[in-house]
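One letter stands for each residue in the lines below.
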Amino acid sequence: MLRASDLEFRYRPEDEPYHFSFEATAGQVTAISGASGSGKSTLLDLLAGFLQPSQGALTLDDTNLLPLQPEHRPVSLLLQSDNLFEHLSAVGNVELGMPRGERGREKVDAALVEVGLSGLGGRPASTLSGGQKQRVALARTLLRNRPVLLLDEPFSALDDETRGTVRTLVGELSRRHGWHTVLVSHHADDIAALASRHYRIVDKRLSDAA
Amino acid sequence: MAICAAVIVLASAFTAVPTALGRSAQPTWSDNRTARALQWLVLALSVLGFALPLLSVLVDGVVGGFGRVIAQPSFWQATATSIGIGAASAVQTLLLALVLALGRAAAANSVARTLLGVPAYAYLAVPSVVLSLGFFLLVRNLGLPLGAVSPIVVICANSLLALPFAMATLAPPLDAIARTKGKLLLSLNMSGWAQFARIEYPLLGRDIGLMLALSFCFSLGDLGVIALFGTQDFQTLPLLMYRALGSYRNNDAAVIAAILLIGTIVAFVGLPRLIERLAHAPRQ
């Protein structure tokens, strides 16, 4: 269980602080929604370690995550865009998910097959469609094998058809690999299709939308 | 120069130019006749101001007797010294610029970012002769053997003087990478050499080549630094040219100038392409 308990954060001392408390279960998608500027990305930055809360607790199965630097957090990121390095091939991008010093084309190919991109590994990332790019980023997430997946509006740049396909893939992968997936989105249909639990940020606080 | 500047100011008053940062859209308006005429005038003046002296150098150099100059051992010695110092200076500039620009791009603190820019851009305000004299006095005050340290000092001085231009070339793309990919790189636990080799180097291949060419040519054409440290045994092509002029061998000077010009053109055209090709070469 990924659990945030009253994570408090403010950008400037004079600001009213954010207060975030929520739980995300393994194998399920937990959605966070809210108006633009409500603090959705701030929450993801706190979970990923890019921001440090002034107080509160963040644990994964009783392991305290707060002392861990971003690179050591058990977290993978999937953003709306800029998930890939355009000068690298699909394989090159996926390989970045492997632990340092480790190589293994078979693992990369298997990850690409799992996200439905077999045969496209040699393609430069710059020539892939938006949906294919998100799949490559998901393949990299598979290799990273981190138990928490943070999704920041990952389907926003996709057309409706691709959006549905990638959304389904995210749901399947989360279940299959037991990821604690946290989806930040302001699209009600994404949340309805994917999320087992839904929180909403109102007045800088998370509340259970159900 | 003053005429060019005046015309540019006038021309800019007649036509609007998008000034937003980042990628700008193509203008949807057409220039009026006055603006077009001024644009052509500016272009013609710039081309004339640039091309005429260079053409003179090439013409005088070609008719000046290449054979006589290249038959002199001192010419080849100076050429080797110029290339060696230029190459070493370019590599040193690259290393310094990368350390500063990567440090700036990665710095979260805005004060640290500003401070990391100071060492580079400070050299813009320093005349090369002043820096050279500073190095000269330093060497003398420290009691170092001038002959032995001269090449090192010339390399260092040329490298520092080229640093602002190197930073101006490398810092913006490195900043852009840090802004757009910073979180991703951090979450992928990429840093140091692995990050540079896989991400920055391939993306910056052409910029690095351009910066190396700039620094190399800067050093190749330097006279301010070498004038203080040069000797009969340690001279570069510009110093050789200056000495030829001083002894009224104008034709020899023109030949050397033409060779310097050709060298800089080759470096400017070749190095960016070469480094870009190397940066994009498939790696295992």
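Chain A is annotated in an unreviewed UniProt entry as ATP-binding cassette domain-containing protein from Devosia aurantiaca.

Observations concerning the side chain of S38(A)
Residue and element names in this part refer to chain A. Its location among the elements puts S38 in the loop between β3 (28–34) and α1 (40–48). We classify S38 as buried; its relative accessible area is 14%. A polar contact is formed between the side chain of S38 and the backbone oxygen of A35, at a distance of 2.6 Å.

Side note on the interface of chain B and chain A
Listed by partner, the interface residues are 16 residues for chain B and 18 residues for chain A. Summed over both partners, the interface of chain B with chain A comes to about 1,900 Å²; 59% of that surface belongs to carbon and sulfur atoms. Remark: the boundary between chain B and chain A carries three salt bridges. A salt bridge links D45(A) to K183(B); its shortest N-O distance comes to 2.9 Å. Of all the secondary-structure elements, those providing two or more residues to the side of chain B that touches chain A are α7 (146–187) and α8 (192–220) of chain B. Tallying contributions element by element places α7(B) first for the side of chain B that touches chain A, with seven residues. Here the residues of the side of chain B that touches chain A sort into eight nonpolar, five polar and three charged.

Things to note about the pattern of salt bridges
Under the counting rule described, the total for this entry stands at 20 salt bridges over all chains. One salt bridge connects D15(A) with R12(A), and the closest N-O pair in it is separated by 3.2 Å. With its nearest N and O atoms 2.9 Å apart, the salt bridge here joins R206(B) to E276(B). With R206(B) in helix α8 and E276(B) in helix α11 (residues 250–279), the pair connects residues that are 70 residues apart, well separated along the chain.

Points about the nonpolar core
Counting 58 residues, the largest nonpolar core has F85(A), L170(B), I199(B) and I208(B) as its most contacted members. For this core, the elements supplying multiple residues, two or more each, are α4 (73–106), α6 (128–142), α7, α8, α9 (226–229), α10 (237–246) and α11 of chain B. Broken down by element, the residue count for this core peaks at 16 residues, all from α7(B). Leaving out residues up to four positions away in the same chain, L170(B) has contacts with L94(B), A97(B), L98(B), L204(B), D207(B), I208(B) and M211(B). Core analysis: the next-biggest nonpolar cluster, separate from the first, contains 31 residues, V91(A), V94(A), L143(A) and L194(A) among them.

Some thoughts on the packing of aromatic side chains
Within the structure shown, the criterion is met by nine aromatic pairs over all chains. The interplanar angle of 20° and the centroid separation of 5.5 Å between the aromatic rings of Y18(A) and F20(A) together place this pair among those described as stacked. In this pair, the class of Y18(A) matches that of F20(A), namely buried. Over the face of the ring belonging to Y18(A) we find K204(A), whose NZ or CZ atom lies 4.7 Å from the ring centre. In this structure, K181(B) packs its charged tip against the face of F85(A), placed 5.4 Å from the ring centre.

Notes on unusual backbone geometry
All names here are of chain A. Positive phi, close to 45°, is recorded for D6, a residue that is not glycine. Relative to the elements of secondary structure, D6 occurs in strand β1 (residues 2–9). At N145, a position not held by glycine, the phi torsion is positive, near 55°. Looking at N145, the relative accessible area reads 58%, which means it is exposed.

Considerations on the side chain of S219(B)
Within the fold, S219(B) resides in helix α8. Once you skip the residues sitting within four places of it in the chain, S219(B) turns out to touch I85(B), G86(B), S89(B) and N158(B).

Overview of a nonpolar patch on the surface
Together, L55(B), V59(B), V62(B) and V63(B) make up a nonpolar patch on the protein surface, roughly 390 Å² of accessible area in all. In this fold, L55(B) is placed in helix α2 (residues 33–63).

Re empty space enclosed by the protein
Inspection of every chain in the model, using the stated rule, returns two cavities of 30 Å³ or more. There is about 50 Å³ of room inside the largest cavity. Mapped onto the lining of the largest cavity, the elements with two or more residues apiece are α4, α7 and α8 of chain B. Per-element accounting of the lining of the largest cavity gives the leading share, four residues, to α4(B). Tallied by class, the residues present in the lining of the largest cavity amount to four nonpolar, six polar and one charged. Quantified by volume, the second largest cavity comes out at close to 40 Å³. What lines the second largest cavity is simply S76(A), L77(A), A137(A), R140(A), T141(A), R144(A), L184(B), S187(B) and L188(B). Elements represented by at least two residues in the lining of the second largest cavity include exactly β6 (75–78) and α4 (130–144) of chain A together with α7 of chain B. Taken together, the residues of the lining of the second largest cavity break down into four nonpolar, three polar and two charged.

Rules used throughout
Residues numbered from 1 in each chain as written. Chains lettered and ligands numbered in written order. Predicted model: local features only at pLDDT ≥ 70, side-chain atom pairs only at ≥ 80, totals over all residues. Heavy atoms only, no water. Helix = DSSP H or I, 4+ residues; strand = E, 2+ residues; numbered from the N terminus. Buried < 20%, exposed > 50% of the residue type's maximum accessible area, 1.4 Å probe, protein only. Polar contact = N/O pair within 3.5 Å; in protein donor to acceptor, adjacent residues only side chain to side chain. Contact = heavy atoms within 4.5 Å. Buried area = accessible area lost by both parts, 1.4 Å probe. Salt bridge = Lys/Arg side-chain N within 4 Å of Asp/Glu carboxyl O. Nonpolar A, V, L, I, M, F, W, Y, C, P; charged D, E, K, R; others polar. Core = buried A, V, L, I, M, F, W, Y, C linked by side-chain atoms within 4.5 Å. Phe/Tyr/Trp six-rings, centres within 6.5 Å; stacked < 30°, edge-to-face > 60°. Lys NZ or Arg CZ within 6 Å of the ring centre and 35° of its normal. Patch = residues over 30% accessible without salt bridge, like charges linked within 9 Å, V, L, I, M, F, W, Y side chains within 5 Å. Areas by Shrake-Rupley, 256 points an atom, 1.4 Å probe, with all protein chains shown as cover. 1 Å grid on protein atoms, 1.4 Å probe; cavity = no way out; pocket = protein on both sides within 12 Å on 5 of 7 lines; lining within 4 Å. Points joined across faces, edges and corners; volume = space filled by probe spheres on them.

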